[in-house]
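Secondary and tertiary structure notes
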Amino acid sequence: MVIRAFFERLFASGLARRALLAFLIVALFLGGIQLRRWIGESTRHVRYQHDIVNAFYWGSETLKEARRLSPNESAANSFTGFCRGYFALYDRVKGKSYEKDYGLDYPPLRLLVMAIWAKEVRNQFPGVDDGHPKLVNPLLKINLLCELLSAVAIFFLVRLCVQRCSRTTRASLLPGLPLRDRASICGLAAASVAWLEPSMILDAHGWPQWDVWILPFYLFAALAALKNRWFVCGCLLAAGAMFKGQLLFVTPFFVLWPLWQKRWNHALCVLAGFAATAAVIASPWLLHTPAAWLAVAAVTGASWSFILQRRLPDQIAWISGITGCAVFVIGAFTGGSFAWLQVGFLYGSEHYPYLVISSCYNLPSLLSQLGWSLKDPFCSVHFGSLHFDLTLQWTLRLLYLGALTVCAYGAAQQVRNRDPRVLIAITAPWLLMFTLLGQMHERYFVWGAVVSAVALGVSFRLSIIHFIISAASTAMIVHVMLIDKKLEATLWAIDLLKHIRPYASVLVLACVAVYVWNTLRMPVFQRRAPRPAESPSLSLGPEPEEA
């Protein structure tokens, strides 16, 4: 009784609760750091070295191009020489390719990071072998930063959506707590699960890969959309896509979402932010002449004058969007280079023309076992002398686009009803991309596994599904890492993971179907409750407008 009374008095103190919370957060953070170190050390014998070698090779090719274009070694090692080689690499790769087999499939910002990394490694170890690059730690630190930012973004996403819920859409988790406390606890639980997500840690520190780089961009873009900052949302999506092009597959979700709300200006703001950011990053390739830069300045000045005189809403978004589109149009007419687009993005979409690339638990995996291939005609259409074949690849793409449209509709409805299941709608695009589209690597499920941690702010049942998704993502990554080395001690695990693939594919499809169904479910009662008095501490702008 004395001990119980002591703890009751302890937790009654606000200072004690805050101290305990701070201790818990620090313990989770340090535990996550230690777990990543342990994973990095214990997976050395099965580490997938190919991606590290590939990154170092293309970073070194950037430096080699800088030396080729510079008059001497000193100029090549300067910042100007580095930029010269970086901006020229895409054109050289495209010009020297055989039958459009470029080899390089890095978008501009990822290539920039790898070039800087390779430059630092070369400066410290001038004679390092391309096949055994040293000092991978800088890239692992970038992975760690992105993982931490993703967990922070998930905390604010979950807390915001739980705080906004109405009385008829209140989540079933922790119903006895005040709304503000419940929102913070659910947010902290979701962020902790995301921070300790095993497939993400294995992908980023055991493989290692750079897939986690785009997660903060997507999550903060979703947060910006919920805060009604659609232009910022578009900017974040474009910046993230310049690190990894797979983000483009889920970007239409943020355009369709406001369209279902009949807010055309919000959809245009997303497109304007995307175009403006992409133009800023690609302008060194697109605008080669002073005349091109002057033309862009003239368009910017004219649009600025016109829009300010008309006093249109979202003036910055309109001006930025018009300028961004002008950069691409002027670049096309003045001889600008689009090699960065063809090599960094389009080539990647056709680099692996297979229905299933590796050990994937998805619909294409099941179809491949039935004898289908990516380019097989799914149906044929005849219009007189015209003959058109719809391939399985495009059938799956259209199916995915339809499912994405449904998720966007669900997101619009859940926002209108102030239902925390909007978090499930935000997760669904990543899950659908992996389970429906062909040409998927097993690693791509890690995005859905991390983002689905937001389910801890919705319901216990959906939280259980998240852990199933997490286990499936981890199993796929483990399978490929073990296959690459094929150690005798792991042959039994390889055989087991191979045989469970069809059953795991069905299970994953069922889990994704449950998530999609929950994006469309409406509350039983549609009575609107007053907005809670609490507001989240992170402010990205005005609160979302009610439809």
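All chains use their own residue numbering, which begins from 1 and follows the written sequence. Under the rules for a predicted model, residues below a pLDDT of 70 receive no local features and side-chain atom pairs below 80 are neither given nor counted, while totals for whole chains, interfaces and linings still include all residues. Here the side-chain values reflect all heavy atoms present in the structure, with hydrogen atoms and water set aside.

A look at the overall build of the protein chain
- Helix and strand assignments follow DSSP, with helices taken as H or I runs no shorter than four residues and strands as E runs no shorter than two, numbered in order from the N terminus. Looking only at helices and strands, one finds 24 helices and two strands in the protein chain.
- In what follows, residue pairs with any heavy atoms lying within 4.5 Å of each other are defined as contacts. A fraction of 76% describes how many contacts in the protein chain between residues 6 or more apart in sequence connect residues 24 or more apart.
- Here the Shrake-Rupley method, with its probe set to 1.4 Å, supplies the accessible areas, and only the displayed protein chains count as covering residues. With the model as given, the accessible surface of the protein chain reaches about 25,400 Å², and the carbon-plus-sulfur share is 67%.

Quick word on the packing of helix H5 (residues 79–96) against helix H6 (residues 108–124)
- Where H5 meets H6, the closest approach of the two axes is 11 Å, and the angle between their N-to-C directions is 135°. Compared by their axis directions, H5 and H6 come out oblique. Like other packed secondary-structure pairs, H5 and H6 cross with a definite hand, here right-handed. When H5 is examined against H6, the residues Phe82, Tyr86, Leu89 and Tyr90 are found in contact with a partner set consisting of Pro108, Leu109, Leu111, Leu112, Ala115, Ile116 and Lys119.
- In the contact of H5 with H6, the residues fall into 10 nonpolar, no polar and one charged. Axis definition: a line fit to C-alpha positions, over the contact stretch in the case of helices; interaxial angles, taken between N-to-C directions, run 0 to 180 degrees. An angle counts as roughly parallel when it lies under 35 degrees, as roughly antiparallel when it exceeds 145, as roughly perpendicular when it falls between 65 and 115, and as oblique in every other case. With the far helix as reference, a near helix turned anticlockwise by less than a right angle produces a left-handed crossing, and one turned clockwise produces a right-handed crossing. Each residue receives one of three labels: charged for Asp, Glu, Lys and Arg, nonpolar for Ala, Val, Leu, Ile, Met, Phe, Trp, Tyr, Cys and Pro, and polar for the others, Gly being one of them.

Observations concerning the packing of aromatic side chains
- Stacked, edge-to-face and tilted labels apply to pairs of Phe, Tyr and Trp rings (six-membered ring for Trp) whose centres lie within 6.5 Å, assigned for plane angles under 30 degrees, over 60, and everything in between, in that order. Tallied over the entire structure, the rule returns 25 aromatic pairs.
- On the basis of an interplanar angle of 80° and a centroid distance of 5.2 Å, the ring pair of Phe253 and Phe254 is categorised as edge-to-face. Taken as a pair, Phe253 and Phe254 share a single burial class, namely buried.
- For a Lys NZ or an Arg CZ to count as sitting over a ring, it must be within 6 Å of the ring centre and within 35 degrees of the ring normal. The aromatic ring of Trp195 is capped on one face by Arg36, whose charged end is 3.9 Å from the ring centroid.
- Between the NZ or CZ atom of Arg397 and the centre of the ring of Trp394, over which it lies, the distance is 4.7 Å. Accessible area is worked out with a 1.4 Å probe on protein chains only. A residue is then buried under 20% of its type maximum, exposed over 50%, and partly exposed in between.

Some points on the pattern of salt bridges
- One speaks of a salt bridge when a side-chain nitrogen belonging to Lys or Arg is within 4 Å of a carboxyl oxygen belonging to Asp or Glu. Here the structure, examined in full by the defined rule, presents 10 salt bridges.
- A salt bridge links Glu41 to Arg44; the nearest nitrogen and oxygen atoms lie 3.3 Å apart. For the pair Glu41 and Arg44, one class covers both residues: exposed.
- In this structure, the salt-bridge partner of Arg92 is Glu61, at a minimum N-O distance of 2.7 Å. Highlighted residues: Arg92 in helix H5 and Glu61 in helix H3 (residues 50–69), separated in sequence by 31 residues.
- With relative accessibility at 7%, the residue Glu61 sits in the buried group.
- Taken together, the salt bridges that share partners define one network made up of Glu61, Lys64, Glu65, Arg68 and Arg92.

Notes on the state of the cysteines
- Count a disulfide wherever a pair of cysteine sulfur atoms falls within 2.5 Å. Counted under the stated rule, the structure contains zero disulfides.
- The thiol of Cys235 is unpaired, and the distance to the nearest cysteine sulfur, on Cys233, comes to 9.1 Å.

With respect to unusual backbone geometry
- Cis geometry is found at the peptide bond from Trp207 to Pro208, where omega equals -20°.
- Even without a glycine there, the phi angle at Asn228 is positive, about 70°.
- Within the secondary structure layout, Asn228 lies in the loop between helix H10 (215–226) and helix H11 (230–241).
- Even without being a glycine, Arg418 presents a positive backbone phi close to 55°.

Digging into the nonpolar core
- Tyr218, Phe253, Phe254 and Trp257 are the most contacted members of the largest nonpolar core, which has 143 residues in total.
- Here this core takes 13 residues from helix H7 (residues 137–164), the largest share from any one element.
- Contact partners of Phe253, with chain neighbours within four places excluded, come to Tyr218, Leu404, Cys407, Ala408, Ala411, Ala425, Ile426 and Pro429. Each nonpolar core is a collection of buried residues, namely Ala, Val, Leu, Ile, Met, Phe, Trp, Tyr and Cys, held together in the definition by side-chain atoms within 4.5 Å.

Brief notes about helix H23 (residues 491–499)
- Ala493, Ile494 and Leu497 are the residues of H23 that are buried. Along the axis of H23, the buried positions cluster into a sector of 100°, meaning they face one direction only. Within H23, the exposed residues directed more than 90 degrees away from the buried face are Trp492, Lys498 and His499.
- Contacts from the buried residues of H23 go to helix H22 (460–485) and helix H24 (501–520). To obtain the arc, one takes the directions from the helix axis to the C-beta atoms.

As for the packing of H11 against helix H13 (residues 252–260)
- The contact between H11 and H13 brings their axes to 10 Å, and the two run at 160°. Regarding the angle of H11 to H13, the classification is roughly antiparallel. When you trace H11 past H13, the crossing you get is left-handed. Where H11 abuts H13, its residues Trp230, Cys233 and Leu237 lie against Phe254, Trp257 and Pro258.
- Class assignment for the residues of the contact of H11 with H13 results in six nonpolar, no polar and no charged.

Concerning the side chain of Asn518
- Looking at where Asn518 falls in the secondary structure, it is placed in helix H24.
- By relative accessible area, which is 2% here, Asn518 ends up buried.
- Two N or O atoms count as a polar contact when they lie within 3.5 Å, although within protein this holds only if one can serve as hydrogen donor and the other as acceptor, and sequence-adjacent residues are included solely when both atoms are side-chain atoms. Within the structure, the side chain of Asn518 is placed 2.8 Å from the backbone oxygen of Val514, a separation counted as a polar contact.

As for the confidence of the model for the protein chain
- The pLDDT value expresses, per residue, how confident the predictor is, ranging between 0 and 100. Looking at the protein chain as a whole, the pLDDT averages 86, with 88% of positions reaching at least 70.
- Per-residue pLDDT, averaged within each element of the protein chain, yields its smallest value for helix H1 (residues 2–12) (52) and its largest for H10 (97).
- Counted against residues more than four places away or in other chains, residues 524–542, with its pLDDT under 50, gives 43 contacts.

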